[in-house]
Amino acid sequence: MPPDNMAVRIEGSAIAAAVRAETRDAVQKWVRAGHRAPSLAVIIVGDNPASVSYVRSKVSASASAGIESKTLNKPESTREEIILQLVNTLNRSDNWDGILVQLPLPGHMHAARVLGALNPNKDVDGLHVINAGRLATGAPRLIPCTPAAIMELLHRTGIRIAGRHAVIVGRSNLVGKPLAHLLLIANATVTVCHSKTKDLAAVCRTADILVAAVGVPHLVTADMVKPGATVIDVGINRVGDSSKPRGYRLVGDVDYHAVEAVAGAITPVPGGVGPMTVAMLLRNTLLAAQLQ
Ligand code: GUN
């Protein structure tokens, strides 16, 4: 138990391990019922080190859940048309249930066009407009993995959502917007903040559930948190640190050590939302297999 005045640490890694084990069991059941193993094709364009590392964890987690996967690495200079052709081939193939296009794409590509080319029932990231629209109208099917991860962490930690005020900092299509819809479906009152929000600290202090998803190291400080609030940190920021073997360390969007003295519960970075996001991808891949 933490000391009385310290937040409960939401152990994303442990909860993710449980979800991965459940998914592995569900995959085995699916295969025993006579289906081939669910499969995931991951497209990565360029060699952004963070993206390469995320893709590696996705592929290795897939294998441990009994999901077949392949990574298609394309050089940074690849023309968008080539990626669209690749997506079309995977859409038509009976061998691949899930397709994931790792973001960000190089500047010369239009992410919306590439994501829009995906078969919505193979879109394991839930980023196609059809999947975004389904979620926005309260009928979700494949939902983005990070917001799904946050909801699962809240549910499995027993944090009440209905009737509470959730404040999301960040309005991305990947996290902020889909999370707002999921929290609304769960009957929270939702505020979405962004770079033009006036007096961000004052708005954050009204949150029962505060989610930081902007990619700014330690943006959320202790004075922005209501005592007892649940704080979810989506940021994974690389900060230069010559004392570390890789020359950097990972820090979140929340100043963890200051905020844990005020919050009621908090996710760490690393070991919070990140591992849970990968677990939700596995679950989405099984769902995509069932949808084919
Ligand atoms: N880049 C950072 N996070 C994500 C994610 O969840 N999905 C994809 N496709 N790209 C990302």
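The shown structure was predicted, so the numbers you read here are calculated from the model rather than taken from an experiment.

Colleague: Please give an account of the nonpolar core that cites residues and values.
Modeller: Formed by 51 residues in total, the largest nonpolar core has its most connected members in Ile150, Leu154, Ile161, Leu183, Val211, Ile232 and Met276. Broken down by secondary-structure element, the contributors of at least two residues to this core are α1 (12–32), β2 (39–45), α2 (49–64), α6 (145–156), β5 (165–169), α7 (176–185), β7 (209–212) and α10 (273–291). For this core, the element with the highest residue contribution is α10, accounting for 10 residues. In this view, Val211 contacts Ile150, Val167, Ile168, Val169, Leu179, Ile232 and Val234; residues no more than four positions away in its chain are not counted. Judged by nonpolar contacts, the second largest core, of 20 residues, contains Ala229, Val254, Tyr256 and Ala263.

Colleague: Quick one: what's the story with unusual backbone geometry, residue by residue and with numbers?
Modeller: Residue Leu103 is joined to Pro104 through a cis peptide bond whose omega torsion reads 0°. Positionally, Pro104 belongs in the loop between β4 (98–101) and α4 (111–116). The residue after Val269, namely Pro270, is reached through a cis peptide bond having omega -5°. One non-glycine residue with positive phi stands out, namely Asn187, at about 70°. A positive phi angle is found at Asp199, which is not glycine, with a value near 50°. Mapped onto the elements, Asp199 comes out in the loop between β6 (189–193) and α8 (200–204).

Colleague: A description of the site of the ligand should follow, citing residues and the corresponding values.
Modeller: Surveying the vicinity of the ligand reveals the residues Lys58, Leu100, Val101, Gln102, Leu103, Asp125 and Leu174. Within the side chain of Gln102, one N or O atom sits 3.2 Å away from a nitrogen atom of the ligand. Protein burial of the ligand: of its 280 Å² of free accessible surface, 84% is covered by the chains. One can see that the ligand is located within the largest pocket. In the shell around the ligand, the residues fall into 4 nonpolar, 1 polar and 2 charged.

Colleague: Describe α1, listing the residues and the values that go with them.
Modeller: For α1, spanning 21 residues, the distance from its first C-alpha to its last is 30 Å, which sits close to the expected 30 Å at 1.5 Å a residue. Taken together, the buried positions of α1 are Gly12, Ile15, Ala16, Val19, Thr23, Val27 and Trp30. The buried residues of α1 occupy an angular sector of 115° when projected down its axis, which confines them to one face. In α1, the exposed residues that point more than 90 degrees away from the buried face are Lys29 and Arg32.

Colleague: So what about the sheet that holds strand β8 (residues 230–233)? Which residues, and what values?
Modeller: An order of β1-β11-β8-β7-β5-β6 is seen for the 6 strands of this open sheet, with the pairing classed as parallel. The sheet is open, and its two edges are formed by β1 (8–9) and β6, each paired on a single side. α7 rests against β5, β6 and β7 of the sheet, and its axis sits at about 175° to β5.

Colleague: Just give me the short version of the environment of Leu183, but keep the residues and values in it.
Modeller: Among the structural elements, Leu183 can be located in helix α7. Excluding anything up to four places from it in sequence, Leu183 contacts Met151, Leu154, Ile161, Ala166, Ile168, Ala188 and Val190.

Colleague: With reference to specific residues and values, describe the pairing of β2.
Modeller: Burial of β2 is extensive: 7 of the 7 residues sit out of reach of the surface. Residue alternation in β2 divides its side chains into two sets, Ser39, Ala41, Ile43 and Val45 and Leu40, Val42 and Ile44, and both sets are buried. Of the pairings in the sheet, the one linking β2 to strand β3 (residues 68–74) comprises 7 bridges and is parallel in character. The residue of β3 that forms the bridge with Val45 is Lys74.

Colleague: I'd like a rundown of the side chain of Thr78, residues and numbers included.
Modeller: Topologically, Thr78 is positioned in the loop between β3 and α3 (80–92). Of the polar contacts made by the side chain of Thr78, one reaches the backbone oxygen of Pro75; its length is 2.5 Å. Setting aside anything within four residues of it in sequence, one finds Thr78 in contact with Val45, Ile83, His108 and Met109.

Colleague: Outline the layout of surface pockets, listing residues and values.
Modeller: Reported here for the largest pocket is a volume of approximately 1400 Å³. The wall of the largest pocket is formed by 50 residues, among which Tyr54, Val234, Ile236, Gly274 and Thr277 lie closest to the centre. Counting residues per element, the ones that place at least two in the lining of the largest pocket are α1, α2, β4, α6, β9 (237–240), β10 (248–251) and α10. Looking at side-chain class alone, the lining of the largest pocket contains 26 nonpolar, 15 polar and 9 charged residues. Quantified by volume, the second largest pocket comes out at close to 410 Å³.

The rules we used
Residues numbered from 1 in each chain as written. Predicted model: local features only at pLDDT ≥ 70, side-chain atom pairs only at ≥ 80, totals over all residues. Heavy atoms only, no water. Core = buried A, V, L, I, M, F, W, Y, C linked by side-chain atoms within 4.5 Å. Buried < 20%, exposed > 50% of the residue type's maximum accessible area, 1.4 Å probe, protein only. Helix = DSSP H or I, 4+ residues; strand = E, 2+ residues; numbered from the N terminus. Contact = heavy atoms within 4.5 Å. Near = heavy atom within 4 Å. Polar contact = N/O pair within 3.5 Å; in protein donor to acceptor, adjacent residues only side chain to side chain. Areas by Shrake-Rupley, 256 points an atom, 1.4 Å probe, with all protein chains shown as cover. 1 Å grid on protein atoms, 1.4 Å probe; cavity = no way out; pocket = protein on both sides within 12 Å on 5 of 7 lines; lining within 4 Å. Sits in = over half its atoms within 2 Å of the grid points. Nonpolar A, V, L, I, M, F, W, Y, C, P; charged D, E, K, R; others polar. Expected span 1.5 Å × (residues − 1). Arc of directions from axis to C-beta. Pairing = 2+ DSSP bridges. Axes fitted to C-alpha atoms, helices over the stretch in contact; angles between N-to-C directions. Points joined across faces, edges and corners; volume = space filled by probe spheres on them.

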